[in-house]
Amino acid sequence: MKKFFYLLPALALVFAACSDSDDDNGDDGNGGGLGDGYTLTVKSNEIANAPTDGEIDKVKLISYESDVAILTTDWEDGFLLDFPETVSSSNLEKVAEAFVIEEDEFKISDPDARISGFYIEGYKGDLHVDTFYFLNSTEEQEIRYYYSDRDVTVTGEVKIGDGSWEYVEKYDLALTKGWNRVLTIEIIQDDYESLAFSSNVLSTGFSWKFGRDFEY
């Protein structure tokens, strides 16, 4: 699943760690993490294209890095996820491996830091049905959840291209120990693509959707 999320050649992503909020549905904030534990509550009437009656019965929180569900809860006209205070290192990877970057091209404050992003997935029994996304109106921006086993920053830039096409990766990211919300912005262009990670970006104007229309 991790490789699907990081399909680089057709998109540009901007990631930004988003802050703690009094709201369980994670629809505002700017900068910082969520701490060691976090509760996310989402009702079906807050979800576009919400699952129909009987379409799903479980919601799972699944690691990008291990494809393992670390938490499963019942779908009951919505879902409640009590994110665990800690995540096993077997479900995490070192920062450079998780973000698919070369350590010598970027400045990582602690190269031994281990992280993972997480999917929120709907299941019917053992059958995967679709993914829950927290998106803006154009579906080019998305908020995802990341866990880090310690505070870590990543900065740097690398460019790839031959003049007619250019791909750029930029990192200015700060993750705190525990859970973090991460904002992604995906922009598709004909001859230029970029992947950038940044903190302190506002995350208002988002809503939940089951499945998405945006194509990579």
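Residues numbered from 1 in each chain as written. Predicted model: local features only at pLDDT ≥ 70, side-chain atom pairs only at ≥ 80, totals over all residues. Heavy atoms only, no water.

A. Local environment of the overall build of the chain. Tallying secondary structure elements over the chain gives two helices and 16 strands in all. With 216 residues in all, the chain has 50% of them scored as buried. Considering only contacts in the chain between residues 6 or more positions apart, those separated by 24 or more positions represent 76%. Carbon and sulfur atoms make up 45% of the accessible area of the chain, which amounts to about 9900 Å² in all. (Helix = DSSP H or I, 4+ residues; strand = E, 2+ residues; numbered from the N terminus. Buried < 20%, exposed > 50% of the residue type's maximum accessible area, 1.4 Å probe, protein only. Contact = heavy atoms within 4.5 Å. Areas by Shrake-Rupley, 256 points an atom, 1.4 Å probe, with all protein chains shown as cover.)

B. Representation of the nonpolar core in the model. In this structure, Leu40, Phe79, Ile120, Phe132, Tyr145, Trp179 and Trp208 are the most contacted members of the largest nonpolar core, which totals 28 residues. For this core, the elements supplying multiple residues, two or more each, are β2 (38-43), β4 (58-63), β6 (78-83), β9 (114-124), β10 (127-135), β11 (141-148), β14 (178-185) and β16 (207-210). One finds Ala96, Phe106, Val158 and Tyr171 within the second-largest nonpolar core, a separate group that totals 21 residues. (Core = buried A, V, L, I, M, F, W, Y, C linked by side-chain atoms within 4.5 Å.)

C. Expanded view of the side chain of Asn136. Along the chain, Asn136 falls in the loop between β10 and β11. A distance of 3.0 Å separates a polar side-chain atom of Asn136 from the backbone nitrogen of Glu139. Dropping the residues within four chain positions of it, Asn136 is found in contact with Gln141, Gly205 and Phe206. (Polar contact = N/O pair within 3.5 Å; in protein donor to acceptor, adjacent residues only side chain to side chain.)

D. View of the confidence of the model for the chain. Averaged over every residue, the pLDDT of the chain is 81; residues scoring 70 or more account for 78%. β4 holds the highest mean pLDDT among the elements of the chain, 97, whereas helix α1 (residues 2-5) holds the lowest, 43. pLDDT under 50 marks residues 26-30. Its contacts with residues more than four places away, or in other chains, come to 25 contacts. (pLDDT = per-residue confidence, 0-100.)

E. Expanded view of the pattern of salt bridges. Per the counting criterion, the structure on display carries eight salt bridges. As a salt-bridge pair, Asp149 and Arg150 come within 2.9 Å of each other at their nearest N and O atoms. According to the relative accessible area criterion, Asp149 is partly exposed, its value standing at 23%. The residue Lys159 makes a salt bridge to Glu157 at a minimum N-O spacing of 3.8 Å. Take Glu157: its relative accessible area is 39%, and that puts it in the partly exposed class. Beyond isolated ion pairs, a larger network of salt bridges with shared partners links Asp110, Asp149 and Arg150. (Salt bridge = Lys/Arg side-chain N within 4 Å of Asp/Glu carboxyl O.)

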